[in-house]
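# Chains, contacts and geometry: an overview
Now for the letters of each chain:
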Amino acid sequence: MQKYWGIILALTVLASCKDDVKQKNDIAQEISVSEVEVINEQFGFNLNEFNVQLDTIKYGDSFGELMMQNKVAYPKIAAISENYRDTFDVRKIRVGKPYAILKSKDTIAQAQIFIYENDPINYTVIDMRDSVKVYTDKRKVKYVRREVSGVIETSLSEAILDQGIDYNVTHNLANVYAWTIDFSRLQKKDKFKVIYNEKYINDTIYAGAEPIEAAFFEHNGKPIYAFAYENDSLKSIVDYFDEDANNLRRTFLRMPVEYGRLSSRYNLKRRIKHYGFKIRPHKGTDYAAPIGTPIMATADGTVIESTRRGGNGKYVKIRHNGTYATQYLHMKAQKVKKGEFVRQGDVIGWIGMTGSTAGPHVCYRFWKNGKQVDPLREELPQAEPLHETLREEYFAYISPLKEQLDCIIYPKVLLEEEEDLLTLNQEDGIKQN
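So, a few notes on the structure that sits alongside this text. Chains are numbered independently. Their residues run from 1 in the order of the written sequence. Predicted model: local features are reported for residues with pLDDT of at least 70 only, side-chain atom pairs are reported and counted for 80 or more only, and whole-chain, interface and lining totals are derived from all residues. For side-chain calculations, the full set of non-hydrogen atoms in the structure is used, while hydrogens and water are omitted.

## Notes on helix α6 (residues 388-407)
Here α6 spans 29 Å end to end across 20 residues, near enough to the 28 Å set by a 1.5 Å rise per residue. Here the bend at a residue means the angle between the axes of two seven-residue stretches, the one that ends at it and the one that starts at it. Helical segments are the DSSP runs of H or I of at least four residues, strand segments are the runs of E of at least two, and each set is numbered from the N terminus. Most pronounced at Ile 398, the bend in α6 amounts to some 35°, and the proline Pro 400 follows within four residues. Within α6, the full set of buried residues consists of Arg 391, Tyr 394, Ile 398, Leu 401 and Leu 405. A helix's residues, less one, multiplied by 1.5 Å, set its expected span. Accessible area is worked out with a 1.4 Å probe on protein chains only. A residue is then buried under 20% of its type maximum, exposed over 50%, and partly exposed in between.

Have a look at this one:
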């Protein structure tokens, strides 16, 4: 009898296991079906209803040729090209951009819908079924808040990239502090903290970093907070202000290249061995960088010279107002012409070696009231601070952000503290033994 009950129990367990397996298989099948449905629902269309062609724009491709290859009549192509330029300018499709063609599921396989991916989030739909409809849309994006901190050992970019962070965060941080910090002169042990959002498509596909929301940079022992704030709602202008509502922006950028090494300073008493140690004043500030590095206008102004002359090589000179002018020497090529108005940060040329130069760099010259001066010693004019009427709201807005920044821990500082604690513990252990 005991043996009989044992067999029944075994059969019951076996049946139960089979039921579990069947139930798991059913669940797996449901999940699989669900996943197929999700995968085939893209751009607002059920892709199962079409023959789908996925590709990228290649050299020589045009919207017209792609449509004609897929049996769309020329009059319809011409009408789309002519009537929908504000939404989709067919002349501006770019090599490397992904696209999808949804074709009819019949023997004709005619293109019914063309989808052009402007970027990982935004796309344009040309629906050619019946009457033509052209519109833009975007994928659902999830925003994930990130906190990043670091201690400079060699460079800002290395300190950020070492943590697997998007390079654009380095670029954005450099832009935030472009007026207040000379990034060619960062010091070892300078520190930074950053708060920003990352974008993800379908929860998993990384789609880039949003502009920095708040930051802290300690340079040469001086702490500088930065908070993004819209100071002009009508023009949607966002600037960065410190904890006292002072604008971090200055009338002039600190340097004309985003990343470059300060290779020679303004020096009126410079002596050169090649000339028998005679005094040969250097009235420029040199920033070394690879050939082809973009050179930026350090402030708004009008180009008054864009030419080539003697030891200066190819250069651009900009008049900013009645007080200030700047000049950029030894360019590989100029991008602007005399008489053009340029904005601060516009690329006006590229690093080269034209004229008298021993290596690729830009010689940046700075005039004040017609006299060349040292830009690194000038107290550059500051942009307007936040208007009094916005200050109360601003201080309330930045209060939690400042507290969040203050609570972020530096990873390398924390590591050093742990090592110090471990050393103390080991010394205590030796004493106890």
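Having seen the model, we can carry on.
## Structural notes on the side chain of Thr 285
Position of Thr 285 among the secondary structure elements: in strand β17 (residues 285-288). Here Thr 285 falls in the buried class, since its relative accessible area comes to 0%.

## Things to note about unusual backbone geometry
At Lys 71, a residue that is not glycine, the phi angle is positive and equals roughly 70°. Along the chain, the position of Lys 71 falls in the loop between α2 (63-69) and α3 (74-83). In this structure Lys 71 comes out as partly exposed when scored by relative accessible area, which is 47%. Of note in this structure, Ala 245 is not a glycine but carries a positive phi near 70°. For Ala 245, the position within the fold is in the loop between β13 (237-241) and β14 (261-264).

## A closer look at the sheet that holds strand β7 (residues 133-138)
If you walk across this open sheet you meet the five strands as β3-β4-β5-β6-β7, and the pairing is antiparallel. Two strands in the sheet have a free side with no partner beyond their single neighbour: β3 (51-56) and β7. Within the sheet, the average angular offset between the axes of one strand and its neighbour, ignoring direction, is 20°. Bridge analysis of β3 against strand β4 (residues 98-103) gives six bridges, and the strand direction is antiparallel. Paired with Asp 55 across the bridge in β4 is Tyr 99. Any two strands between which DSSP finds at least two bridges are classified as paired. Helix axes are fitted only over the stretch in contact, all axes being lines through C-alpha atoms; the angle between N-to-C directions runs from 0 to 180 degrees.

## Quick look at the environment of Asp 137
Looking at the secondary structure, you find Asp 137 in strand β7. Judged by relative accessible area, which is 36%, Asp 137 ranks as partly exposed. Residues count as neighbours in contact if any of their non-hydrogen atoms are within 4.5 Å of one another. Among residues more than four places away in sequence, those in contact with Asp 137 are Ile 121, Asn 122 and Tyr 123.

## A look at the packing of aromatic side chains
Working definition: rings of Phe, Tyr and Trp (its six-membered ring) pair if their centres are within 6.5 Å, and the pair is stacked with planes under 30 degrees apart, edge-to-face with planes over 60 apart, and tilted otherwise. Summed over the entire model, instances satisfying the criterion amount to 21 aromatic pairs. Measuring from ring centre to ring centre gives 5.6 Å for Tyr 200 and Tyr 206, while their planes differ by 70°; the resulting arrangement is edge-to-face. With relative accessibility at 33%, the residue Tyr 206 sits in the partly exposed group. With a centroid separation of 5.6 Å and an interplanar angle of 55°, the aromatic rings of Tyr 324 and Phe 366 are classed as tilted. Of this pair, Tyr 324 sits in strand β21 (residues 324-334) while Phe 366 is found in strand β24 (residues 361-368), placing the two residues 42 residues apart along the sequence. Note on Phe 366: relative accessible area 1%, which makes it buried. An aromatic cluster is built from Phe 63, Phe 88, Tyr 99, Phe 114 and Tyr 116, whose rings are joined through pairwise contacts.

## Let's talk about empty space enclosed by the protein
A 1.4 Å probe that fits into a set of points on a 1 Å grid over the protein atoms alone but cannot get out defines a cavity; an open set with protein on both sides within 12 Å along at least five of seven lines defines a pocket, and lining residues are those with an atom within 4 Å of a point. Grid points are joined across faces, edges and corners, and a volume is the space filled by probe spheres set on the points. Taken as a whole, this structure holds one cavity of 30 Å³ or more when the rule is applied. Residues are sorted three ways: Asp, Glu, Lys and Arg are charged, Ala, Val, Leu, Ile, Met, Phe, Trp, Tyr, Cys and Pro are nonpolar, and all the rest, Gly among them, are polar. By residue class, the composition of the lining of the largest cavity is seven nonpolar, no polar and one charged.

## Quick look at the environment of Ala 383
The residue Ala 383 is located in the loop between β25 (371-373) and α6 in this model. When the C-alpha positions of Ala 383 and Phe 252 are compared, they lie 9.5 Å apart, and in sequence the two are 131 residues distant.

## Thoughts on the side chain of Thr 326
Mapped onto the elements, Thr 326 comes out in strand β21. For Thr 326, a relative accessible area of 0% translates into the label buried. Think of a polar contact as two N or O atoms within 3.5 Å of one another; within protein, one of them needs to be a possible hydrogen donor and the other a possible acceptor, and neighboring residues in sequence only count if both atoms come from side chains. For Thr 326, the side chain forms a polar contact with the side chain of His 320, separated by 2.7 Å. Here Tyr 328 takes part through its side chain, which lies 2.7 Å from a polar atom of the side chain of Thr 326.

## Some points on α3
For an α-helix, 3.6 residues make a turn, and residues three or four places apart therefore share a direction. The set of residues buried in α3 consists of Ile 77, Ile 80 and Ser 81. Mapping the buried residues of α3 onto a view down its axis gives an arc of 95°, with all of them on the same face. Opposite the packed face of α3, turned more than 90 degrees from it, sit the exposed residues Pro 75, Glu 82 and Asn 83. Here, the arc refers to the directions that run from the helix axis to the C-beta atoms.

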